[in-house]
Amino acid sequence: METEDNIIFSLAPMQGYTDYVYRNAINKYIGGIDKYYTPYLRLQNDGTLKNKDIKDVLPENNKLIKVIPQILTNNAADTIYLCNYLNELGYNEVNINLGCPYPMVAKRNLGSGLLEHPEQVRKMLEETFKKVSVDISVKLRLGYNTHKEILDIIPILNELPVSEIILHPRIGKDLYKNEARYEHFKAVQDISAKKLSYNGDIENLSRYINLRSMLGNVSHFMIGRGILKNPFLVHDLKNNISENESIKREKLQSFHSDIFDNYSTQLSGDSHLVNKISLIWEYLSYMFNNQNKIYKRIKKIKKASEMSHICNEIIANEELYAG
Ligand SMILES: Cc1cc2nc3c(=O)[nH]c(=O)nc-3n(C[C@H](O)[C@H](O)[C@H](O)COP(=O)(O)O)c2cc1C
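Residues numbered from 1 in each chain as written. Predicted model: local features only at pLDDT ≥ 70, side-chain atom pairs only at ≥ 80, totals over all residues. Heavy atoms only, no water.

### Comments concerning the domain arrangement of the protein
How big an interface is tends to be expressed through the accessible area that disappears when the partners come together.
Working step 1: Once the domains are mapped, the protein shows domain 1 (4-239) and domain 2 (245-317).
Working step 2: At the junction of the two partners, domain 1 supplies 18 residues and domain 2 supplies 18 residues.
Working step 3: On the domain 1 side of the contact with domain 2, Tyr17, Tyr29 and Lys229 bury the most area, a combined 35% of that side's loss.
Working step 4: For the interface between domain 1 and domain 2, the tally reads zero salt bridges.
Working step 5: Here the side of domain 1 that touches domain 2 takes six residues from helix 1 (residues 20-29), the largest share from any one element.
Working step 6: A per-class count over the side of domain 1 that touches domain 2 returns 11 nonpolar, two polar and five charged. (Domains from an automatic or database assignment. Contact = heavy atoms within 4.5 Å. Buried area = accessible area lost by both parts, 1.4 Å probe. Salt bridge = Lys/Arg side-chain N within 4 Å of Asp/Glu carboxyl O. Helix = DSSP H or I, 4+ residues; strand = E, 2+ residues; numbered from the N terminus. Nonpolar A, V, L, I, M, F, W, Y, C, P; charged D, E, K, R; others polar.)

Encoded structure:
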């Protein structure tokens, strides 16, 4: 089993949440996270990237953190184009999304939908590796329809110079329902010749400790919703203890003000800003005992000035969830 010192924690890619504003703020005010994956970049029908995606990977917006851009593709041409684009920006690793479960994506043979088509995965990756010099890691689920799909994918990845496999042990059709399928993660450990990293449902110290003993040789844990709910989670996992309460409030206040100020300069009009902050509180409200009540209160807010005032008051006064 890896020693604790060798364990790496990363922030999972999450569309709509973990953009560069969020990544920089959590790094500056809270810390602990070793590397950050961007939400997926995808070429539009006209072959270009959205401006918001271009901005998200600009080196000047990611100076202080280790960032791995993620792409959502299903053919070699797009993958080669995006890998080379990102390599020119200075990135030396690109992560390919073979896990997105949403039917709109999966139906187009993208994300976890591509797992039903192992030969398409092989062709895309084989051609890509001939033309790019960045490291390529893959983030995937067990399959789209069944957990057996991965059994045809892993041998393909084993044969190619894939640098790492990050597995979220659910199938696409699960979306986020039920428990992650730990026993299937273990089965993949037995057949993978690559570095296999774990992602899914790590929300507290006891779950992490269980997973560590159950999964043994995993040296990279990727965490998504657990960090959105508790930005101190990695700090707590690394230190085996929860951050002191007054320090927590202070840091949370600075983190929140930072994202609030950044989004207020980026987003035009109160309603966009208010919607964005309320999206963040859908998860951040879990920092507090009265999660439900707090989130309902936030959702009712219409004005940015009121949003800022109420959020600050919540952070200063509401009882923190002790886990
Ligand atoms: C709102 C949301 C957006 C997500 N966006 C992405 C994405 O862009 N790329 C990706 O690979 N996974 C995406 N995911 C999946 C997460 O990266 C992660 O695999 C999943 O949430 C399970 O990990 P967790 O239990 O630690 O959250 C998203 C998940 C959520 C909830």
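So, next bit.
### Some words on the site of the ligand
Working step 1: The local shell around the ligand holds 19 residues, among which Pro13, Gln70, Asn199, Asp201 and Arg225 are the closest.
Working step 2: In this structure, Gly224 approaches the ligand through a main-chain N or O atom, which is 2.8 Å from an oxygen atom.
Working step 3: Across the complex, the protein chains shield 92% of the 620 Å² of accessible surface that the ligand would expose by itself.
Working step 4: Considered class by class, the residues forming the shell around the ligand number nine nonpolar, seven polar and three charged. (Near = heavy atom within 4 Å. Polar contact = N/O pair within 3.5 Å; in protein donor to acceptor, adjacent residues only side chain to side chain. Areas by Shrake-Rupley, 256 points an atom, 1.4 Å probe, with all protein chains shown as cover.)

### Structural notes on the nonpolar core
Across soluble globular proteins, you tend to see nonpolar side chains buried next to one another.
Working step 1: In this structure, Leu140, Leu157, Tyr198, Trp281 and Phe288 are the most contacted members of the largest nonpolar core, which totals 95 residues.
Working step 2: For this core, the element with the most residues is helix 12 (residues 270-284), which contributes seven residues.
Working step 3: Lining this core are residues from two domains, each supplying at least three of them: domain 1 (4-239) and domain 2 (245-317).
Working step 4: Setting aside residues up to four positions removed in sequence, Phe288 forms contacts with Arg249, Leu252, Trp281, Ile294, Ile314, Ile315, Glu318, Glu319, Leu320 and Tyr321. (Core = buried A, V, L, I, M, F, W, Y, C linked by side-chain atoms within 4.5 Å. Buried < 20%, exposed > 50% of the residue type's maximum accessible area, 1.4 Å probe, protein only.)

### Looking at the sheet that holds strand 4 (residues 70-71)
Working step 1: Strand order across the open sheet formed by nine strands is 3-2-1-9-8-7-6-5-4, with parallel pairing between neighbours. Two strands in the sheet have a free side with no partner beyond their single neighbour: strand 3 (67-68) and strand 4.
Working step 2: Here strand 8 (residues 196-199) runs beside strand 9 (residues 220-223); their pairing, made up of two bridges, is parallel. In the sheet register, Tyr198 faces strand 9, and the bridge partner there is Phe221.
Working step 3: Packing of helix 1 onto the sheet brings it into contact with strand 1 (8-11), strand 2 (35-37) and strand 3, and relative to strand 2 it is tilted by some 165°.
Working step 4: In this fold helix 7 (residues 182-191) packs onto strand 7 (164-167) and strand 8, with an angle of close to 170° to the strand it touches most, strand 8. (Pairing = 2+ DSSP bridges. Axes fitted to C-alpha atoms, helices over the stretch in contact; angles between N-to-C directions.)

### Examining the packing of helix 11 (residues 245-266) against helix 14 (residues 304-317)
Working step 1: Contact geometry for helix 11 and helix 14: axes closest at 9 Å, N-to-C directions at 165°. The orientation of helix 11 with respect to helix 14, classified from their angle, is roughly antiparallel. In this structure, helix 11 meets helix 14 at a crossing whose hand is right-handed. Every residue of helix 14 that contacts helix 11 at Arg249, Leu252, Gln253, His256 and Phe260 is listed here: Ala304, Met307, Ser308, Cys311, Asn312, Ile314, Ile315, Ala316 and Asn317. (Parallel < 35°, antiparallel > 145°, perpendicular 65-115°, else oblique. Left-handed = near helix turned anticlockwise from the far one by under 90°.)

### Thoughts on the state of the cysteines
Working step 1: Inspection of every chain in the model, using the stated rule, returns zero disulfides.
Working step 2: The cysteine Cys100 is free of any disulfide, with Cys83 supplying the nearest cysteine sulfur at 18 Å.
Working step 3: Classification of Cys100 by relative accessible area gives buried; the value is 8%. (Disulfide = S-S within 2.5 Å.)

### A few points about unusual backbone geometry
Working step 1: Despite not being glycine, Asn178 shows a phi value in the positive range, around 55°.
Working step 2: Residue position: Asn178 is located in the loop between strand 7 and helix 7.
Working step 3: With a relative accessible area of 63%, Asn178 lands in the exposed category.
Working step 4: For Asn240, which is not glycine, the phi torsion reads 65° and is therefore positive.
Working step 5: When you line up the elements, Asn240 lands in the loop between helix 10 (233-239) and helix 11.
Working step 6: Assessed through its relative accessible area of 54%, Asn240 is described here as exposed.

### Focus: a nonpolar patch on the surface
Working step 1: Together, Tyr102, Leu175 and Tyr176 make up an exposed nonpolar region whose accessible area comes to about 270 Å².
Working step 2: Take Tyr176: it is sitting in the loop between strand 7 and helix 7. (Patch = residues over 30% accessible without salt bridge, like charges linked within 9 Å, V, L, I, M, F, W, Y side chains within 5 Å.)

### Side note on the environment of Ser268
Working step 1: Checked against the element boundaries, Ser268 lands in the loop between helix 11 and helix 12.
Working step 2: The class for Ser268 is exposed, based on a relative accessible area of 55%.
Working step 3: A sequence separation of 177 residues divides Ser268 from Tyr91, and the C-alpha atoms of the two residues are 31 Å apart.

### So, the pairing of strand 9
One face of the sheet, then the other: side chains in a regular strand alternate in exactly this way.
Working step 1: Residue alternation in strand 9 divides its side chains into two sets, His220 and Met222 and Phe221 and Ile223, and both sets are buried.
Working step 2: In this fold, the crossover linking strand 8 to strand 9 by way of helix 8 (residues 205-215) has right-handed handedness. (Right-handed = clockwise from strand over helix to strand, strands pointing away.)

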